[in-house]
Amino acid sequence: MKKKYTSSDIEVLKGIEPVQKRPGMYTDTTNPNHLVQELIDNSVDEAISGHCDEIIIHLHNDHSITVEDNGRGMPVDLHPKHKVSGVEVIMTNLHSGAKFSEKNYKFSGGLHGVGVSVVNALSESLTMKICRQGDSKEYSMSFKNGKLSKKLESGKKTSAKKQGTAITFKTNDDYFDSLDLNVKELTHLIKAKSILQSKLKLKLIDEKYNTGNQEFFHNGSLSDYIIGENDSTSEYLPKESYYGTIDAESYIMEWSALWIPESIEPLQESYVNLIPTMYGGTHVSAFRAGLIDAMREFCDRRNLLPKNIKLTPEDIWKNISFILSFKMSNPQFSGQTKGKLQSNHLLASLTSKLKDKFELWLNKHSEAGEKLAELAINNAQARILSLNKDSKKINTRSILLPSRLSDCTLKDIKVTEIFLVEGDSAGGSAKQARDRSYQAILPLRGKILNTWELSSLKILESKEVKDISTAIGVIPGSDDISKLRYGKICVLADADSDGLHIATLLTALFYKHFYPLVQAGHIYISKPPLFRIDYKKETYYVIDEAEKKSILKKLKIDEDSPSVSITRFKGLGEMNPSQLRDTTLSKKTRKLIELTLSPGNKDNILMDMLLSKKKSLDRKAWLEKKGDLAQID
């Protein structure tokens, strides 16, 4: 008998329950770094508004964390509608806060009203201490697992001048892969906040990770920061950096930029209301377009371009290292983690202003401008030379597609996908499991070439690489992705160590030789299952040992229990087409991760350590240190 679908099946999540039900929608669940950032951002908003000049971040031995500021203190009076204190409303309700209008905060990062309530929802314990200026009392309240455990009460008397909020929380390990913070990233974030908000002092007290106590205070401009971050090279241009500001009615923008040698990974950091936007957005797009347009016009007016040379955007942008701070009222972000600004209504006017600013700077600093033009022209000439060499090896207009490619029928890259599948066996199953209308399959044979230290011309001697290049319609090392044939290029390898090795080699191939595809968000990594768990009438597919243990823990059963059956897949080829469809190809059930770029030079350093022949000693040391984390197949 089929179960009826009625109104009683509709579940309504209240308060902060949605966060606990789907934590990944609200924060990065790898570690608690983003929770700490949410609290720091709230304190920084007080600093931006002129009410706070000191923030203390305290990392305690027991994994608890305190963030304290000397701002105005969260409101403790009764909310007129909810009839409880304002701070209780904020902590126990999503989309509550004082930043939806501009009455208290002209520029702020906490716009969705969910940041601090997310911290509360995902903490096993949270305690607050609040001092309001002129009140002479310290207020406190506590929560357990997001629920109020101790109501707001006034305690010891304080100085009438004392003000601020201190929040101490301990993350609930049910929601995170690890409770350990990435202290290096946290320290970089705190340092950046001090640079971006002049005269704000930030202290980091570390009792847990032995990195020592640090204090950050900056009273200069972004120009000092960008030069300091690039002081390892004396070859950057210009020597004083390209620094500027725009102060408009609804936003303020400040930036500093240098052009550096190609051999050095550029520092590219952008912030909105002091929140890092690692995926850029409107402000970065406008900055890029303004600089490119201005440089092209500068070259045209001064007749600097050699015959038959035309500058592409990447020729100009390729070597830039920059820090960009954008402050605006009511910014629109792409998600709660606020990694990308999507206030697109500003794009055209902001691009125009930035173009005008750079044109004025180029004309005022004509000697430096001509050196930057020379750098762009050299990039263009190297690109054209590379393309001419590559065209002798491969011509996507005339060459036949690889015989092993099972192509899809649709041609619209907004929907098309190609799966690079490890092995002919898995490739055969994938061909049967796919949706032929928009999913293409290219089986790969054996381990792919390590392309990390090879030129884009050299790697085309590998048949597998040449087939990939031909199939996707992009030449290695080229910035031109206009002939891209698939919107998603998905690496599909076994979940075991060999499969992970192949996935790493393919990741290196795309990062090193098809970088524009990674930048544009076209590369994805499939996460096929390593185990199948059958319990009662339910089937669970899990990607690794950690997820297997987590599922068994939630089911409250032991691995050796006779009521549960656990199957380990030796490889994708073991799966029948229906299993492969359900676990890796169907949009409804698959696990597909976009390959994204980390800030700074971290990706380059990691890949270099893993794949460079010159870094064998570093790799050995890393294996000796991390080898115990490897899982035995």
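Residues numbered from 1 in each chain as written. Predicted model: local features only at pLDDT ≥ 70, side-chain atom pairs only at ≥ 80, totals over all residues. Heavy atoms only, no water.

(A) Summary view of the pattern of salt bridges. Counting across every chain of the model gives 23 salt bridges. A salt bridge links Glu54 to Lys203; its shortest N-O distance comes to 3.5 Å. Of this pair, Glu54 sits in strand β1 (residues 54–59) while Lys203 sits in strand β7 (residues 201–206), and the two are 149 residues apart along the sequence. Owing to a relative accessible area of 24%, Glu54 belongs among the partly exposed residues under this scheme. Linking Asp467 and Arg404 is a salt bridge whose minimum nitrogen-to-oxygen distance equals 3.2 Å. In this pair, Asp467 is assigned in helix α12 (residues 463–472) and Arg404 in the loop between α10 (366–393) and β14 (417–422), connecting sequence segments 63 residues apart. With relative accessibility at 10%, the residue Asp467 sits in the buried group. Using a relative accessible area of 11% as the deciding quantity, one classes Arg404 as buried. (Salt bridge = Lys/Arg side-chain N within 4 Å of Asp/Glu carboxyl O. Helix = DSSP H or I, 4+ residues; strand = E, 2+ residues; numbered from the N terminus. Buried < 20%, exposed > 50% of the residue type's maximum accessible area, 1.4 Å probe, protein only.)

(B) Representation of the packing of α12 against helix α13 (residues 497–513) within the structure. Viewed as axis vectors pointing N to C, α12 and α13 meet at an angle of 55°, and their least axial separation amounts to 13 Å. As far as their axial angle goes, α13 and α12 are oblique. Between α12 and α13 lies a crossing of right-handed hand. For the pair α12 and α13, the contacting residues are Val465, Ile468 and Ile472 in the first and Leu506, Leu509 and Phe510 in the second. (Axes fitted to C-alpha atoms, helices over the stretch in contact; angles between N-to-C directions. Parallel < 35°, antiparallel > 145°, perpendicular 65-115°, else oblique. Left-handed = near helix turned anticlockwise from the far one by under 90°. Contact = heavy atoms within 4.5 Å.)

(C) Molecular detail of the sheet that holds strand β17 (residues 523–526). Judged by pairing direction, the sheet is mixed, and its five strands sit side by side in the order β15-β14-β16-β17-β21 without closing on themselves. Each of the sheet's edge strands pairs with one partner strand only, and the pair in question is β15 (439–444) and β21 (592–594). Pairs of neighbouring strands in the sheet enclose a mean axial angle of 25°, with direction left out of account. Bridge analysis of β14 against β15 gives six bridges, and the strand direction is parallel. Considered in β15, the bridge of Val421 is made with Pro443. (Pairing = 2+ DSSP bridges.)

(D) Broad picture of the sheet that holds strand β20 (residues 564–568). Reading across the sheet, the three strands line up as β19-β18-β20 and stay open at both edges, with antiparallel pairing between neighbours. In the strand order of this sheet, the two ends are held by β19 (538–542) and β20, each with one partner. The average angle at which neighbouring strand axes cross in this sheet is 15°, direction not considered. The sheet contact formed by strand β18 (residues 531–535) and β20 spans five bridges and is antiparallel.

(E) Spatial organisation of helix α16 (residues 577–585). Those residues of α16 lying buried are Gln579, Leu580, Thr583, Thr584 and Leu585. The arc enclosing the buried residues of α16, seen along the axis, measures out at 155°, which places them on a common side. Structurally, α16 contributes buried residues whose contacts are with β14, α11 (424–433), β15, β16 (488–492), β18 and β19. (Arc of directions from axis to C-beta.)

(F) Region of interest: the pairing of strand β4 (residues 137–144). With six of eight residues buried, β4 lies mostly within the body of the structure. Relative to β4, strand β3 (residues 123–131) is paired through seven bridges, and the arrangement is antiparallel. In the sheet register, Cys131 faces β4, and the bridge partner there is Glu138. Adjacent in sequence and paired antiparallel, β3 and β4 are bridged by five residues, among which Gly134 carries a positive phi angle near 85°.

(G) Just the packing of aromatic side chains, in detail. Using the criterion set out here, one finds 14 aromatic pairs in the structure. Pairing Phe510 with Phe514 gives two aromatic rings, centres 5.5 Å apart and planes at 50°, and the pair type is tilted. Judged by its relative accessible area of 0%, Phe510 falls in the buried class. Judged by relative accessible area, Phe514 falls into the buried class, the value being 1%. (Phe/Tyr/Trp six-rings, centres within 6.5 Å; stacked < 30°, edge-to-face > 60°.)

(H) Seen up close, the confidence of the model for the protein. Averaged over all residues, the pLDDT of the protein equals 84, while 90% of them reach at least 70. Across residues 5–13, confidence stays below pLDDT 50; counting only partners more than four residues off in sequence or on other chains, it has seven contacts. The low-confidence segment residues 95–113 (pLDDT under 50) makes 55 contacts with residues lying over four places distant or belonging to another chain. (pLDDT = per-residue confidence, 0-100.)

(I) Broad picture of unusual backbone geometry. In the segment running from Leu237 into Pro238, the intervening peptide bond is cis, with an omega of -15°. A positive phi angle, close to 65°, is found at Ser136, a residue other than glycine. Residue position: Ser136 is located in the loop between β3 and β4. Look at Ser136 and you get partly exposed, because its relative accessible area is 24%.

(J) Structural detail: the environment of Met91. One can find Met91 in helix α3 (residues 86–92). Taking C-alpha positions, Met91 is 9.1 Å from Leu148, a pair spaced 57 residues apart along the chain. In this structure Met91 touches Ile16, Met74, Val116, Ser117, Asn120, Leu126, Met128 and Phe143, once residues within four positions along its chain are discounted.

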